[in-house]
Amino acid sequence: MAHEFTSGVLLHGQPAWHGQGIVLEGTLPARDAFERAGALFPVEKLQLWAGDPTQPEKMISLAEHRVGIWRPDTRAILGTASPSYEIVPNSTLLRFAEAVREEVDMDTVIVLRNGAKVAFCAKIRGAKGSILPGDDVGLNYVGYLGHDGKTGLGAMLTTVRTVCNNTLGYGIADADRRGSHMRVRHSAYEVAQIDSLIEQIDLSRQYLPQVVDQMQSLQAKRMTVDGFRDYLEQAYRLPMVQLPNGDARPGSLDDIPRKGKALMQAWENGIGSDIPGVKGTVWAAFNAVTEVESSTKTAGNGKRRMHSALFGSGRTVIQRAKELALAL
């Protein structure tokens, strides 16, 4: 599953699109939310060996080259890293959430891919705007921590609600573009700077009005069904299709019927389409892409490779769709 969701808690009575996790009304203190989500598990390094396990005397230690990262409570291997890799405990991510507890309301805490990543999303109080009556956007403070050997510790500001791996990835890309993202790698030097970073956390609300203005401009622009199809074909950059006679033609939605059907359904009846003023607009078009790309499900290596070849990552498609929408 593209969402890679293992466990989590979703607050304010708002479930995630994938339908998983514990949904509760209201909010919780950060520690309670982390505990309910199962996000305070231990992580340790694990020595790696190579060879035939039936002949232990011939096994070779890989300690000079790689170490494993694992959860001793579940015995799940989360990733591998260089020997200089420093473990950052999940309690450190909790400290990022607790550092701003007077300014936010916890919204989600999620565990991804058996613990390879952990993230939280908190709503910043007083940072909210409306695209239309009933169609609100808020500013979130999101923190995340990786145990996969690749993902570091980070905190960011984004309008994206983090409920899965896709929304986390898009939120990171969104925050990078806006310069509202700080991150720490798992090196001894950078881990030593964590305390000073926590002291510097600034929940700036300054860029939210700009985001709201952009989204309102999308809502003000009408779009036909044919215009939506053209928009999608540009956003997905569909490859040329070879014809039996040797010629080629541009790709179209008809060449990806399953994805195309999902996008058309989201355009007609997706999340928020029942709000007056949304249907038939560029805002509805962009919403359709974000809904489908943040809930894409792929199964099996073959399908995953095909999805990657056609579309790239969901966050890349969403960003391209946003740029095209703003250009309209």
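Scroll up for the structure.
As the structure is a prediction and not an experimental result, all values here were calculated from the model. (Residues numbered from 1 in each chain as written. Predicted model: local features only at pLDDT ≥ 70, side-chain atom pairs only at ≥ 80, totals over all residues. Heavy atoms only, no water.)

Trainee: Give a detailed account of the overall build of the chain, specifying residues and quantitative values.
Mentor: Broken down by element type, the chain carries eleven helices and 14 strands. By the compact-globule yardstick of 20 Å for 328 residues, the chain fits well, its C-alpha radius of gyration being 22 Å. Oriented by its inertia axes, the alpha-carbon framework of the chain measures out at about 65 × 60 × 35 Å. Every one of the 328 residues in the chain was classed for burial, and the buried ones make up 47%. Taken as a whole, the chain presents about 16200 Å² of accessible surface, with 51% of it coming from carbon and sulfur. Positive and negative side-chain charges of the chain, numbering 37 and 36 respectively, have mean locations separated by a distance of 4 Å. (Helix = DSSP H or I, 4+ residues; strand = E, 2+ residues; numbered from the N terminus. Rg over C-alpha atoms; globule rule 2.2 N^0.38 Å. Buried < 20%, exposed > 50% of the residue type's maximum accessible area, 1.4 Å probe, protein only. Areas by Shrake-Rupley, 256 points an atom, 1.4 Å probe, with all protein chains shown as cover. Lys, Arg positive; Asp, Glu negative; His and termini not counted. Charge placed at Lys NZ, Arg CZ, Asp CG, Glu CD.)

Trainee: Help me get a handle on the nonpolar core, residues and values and all.
Mentor: Residues Phe-34, Phe-96, Met-106, Val-109, Phe-120 and Tyr-141 are the most contacted members of the largest nonpolar core, which totals 40 residues. Contributions of two or more residues to this core are made by α1 (30-37), β6 (67-71), α2 (90-98), β8 (104-112), β9 (117-132), β10 (135-146), β11 (153-158) and α5 (194-199). Here the element with the most residues in this core is β9; it accounts for five residues. Excluding anything up to four places from it in sequence, Phe-120 contacts Phe-34, Leu-93, Phe-96, Ala-97, Met-106, Thr-108, Val-109, Tyr-141, Val-142 and Gly-143. Met-223, Ile-256, Val-289 and Ala-321 belong to the second-largest nonpolar core, a separate cluster that totals 35 residues. (Core = buried A, V, L, I, M, F, W, Y, C linked by side-chain atoms within 4.5 Å. Contact = heavy atoms within 4.5 Å.)

Trainee: Describe the packing of aromatic side chains, and please don't skip the residues or the numbers.
Mentor: The final tally for this structure, using the stated rule, is four aromatic pairs. When the ring of Phe-120 is compared with that of Tyr-141, the centres are 5.4 Å apart and the planes differ by 70°; the resulting orientation is edge-to-face. In this pair, Phe-120 is assigned in strand β9 and Tyr-141 in strand β10, connecting sequence segments 21 residues apart. Of the two residues, Phe-120 and Tyr-141, both sit in the buried class. A ring pair is formed by Trp-283 and Phe-286, whose centres lie 6.5 Å apart and whose planes are at 35°; its orientation type is tilted. Taken together, the residues Trp-283 and Phe-286, both in helix α9 (residues 282-293) and three residues apart, mark about one turn of the helix. (Phe/Tyr/Trp six-rings, centres within 6.5 Å; stacked < 30°, edge-to-face > 60°.)

Trainee: Pulling in residues and values, what's your account of unusual backbone geometry?
Mentor: Despite not being glycine, Arg-113 has its phi angle at roughly 45°, a positive value. Relative to the elements of secondary structure, Arg-113 occurs in the loop between β8 and β9. The phi dihedral of Asn-114 is positive, around 65°, even though this residue is not glycine. Along the chain, Asn-114 turns up in the loop between β8 and β9.

Trainee: Provide a residue-level description of the side chain of Glu-190, including the pertinent values.
Mentor: With respect to the helices and strands, the residue Glu-190 is situated in helix α4 (residues 188-191). For Glu-190, a relative accessible area of 18% puts it in the buried group. With sequence-adjacent residues up to four places away left out, Glu-190 is seen in contact with Arg-183, Val-184 and Arg-185.

Trainee: Explain the sheet that holds β6 to me, using residue names and the numbers behind them.
Mentor: One open sheet accounts for three strands, arranged β3-β6-β7; its pairing is antiparallel. Among the strands making up the open sheet, the edge pair consists of β3 (44-47) and β7 (76-81). Each strand axis lies, on average, 40° off the axis of its neighbour in the sheet, ignoring direction. With five bridges joining them, β6 and β7 adopt antiparallel strand pairing. The residue bridging Val-67 from the neighbouring strand is Ala-81, located in β7. (Pairing = 2+ DSSP bridges. Axes fitted to C-alpha atoms, helices over the stretch in contact; angles between N-to-C directions.)

Trainee: Any chance you could break down the sheet that holds β11 for me, citing the residues and the numbers?
Mentor: Taken in spatial order, the seven strands line up as β2-β1-β8-β9-β10-β11-β12 in an open sheet, and their pairing is mixed. The open sheet is flanked by β2 (22-23) and β12 (181-184), the only strands paired with a single partner. Pairing analysis gives six bridges linking β10 to β11, with the strands arranged antiparallel. Its bridge partner being in β11, Asn-140 is matched across the sheet by Thr-158. The strands touched by α1 are β1 (5-10), β2, β8 and β9; relative to β8, the strand with the most contacts, the crossing angle is about 25°.

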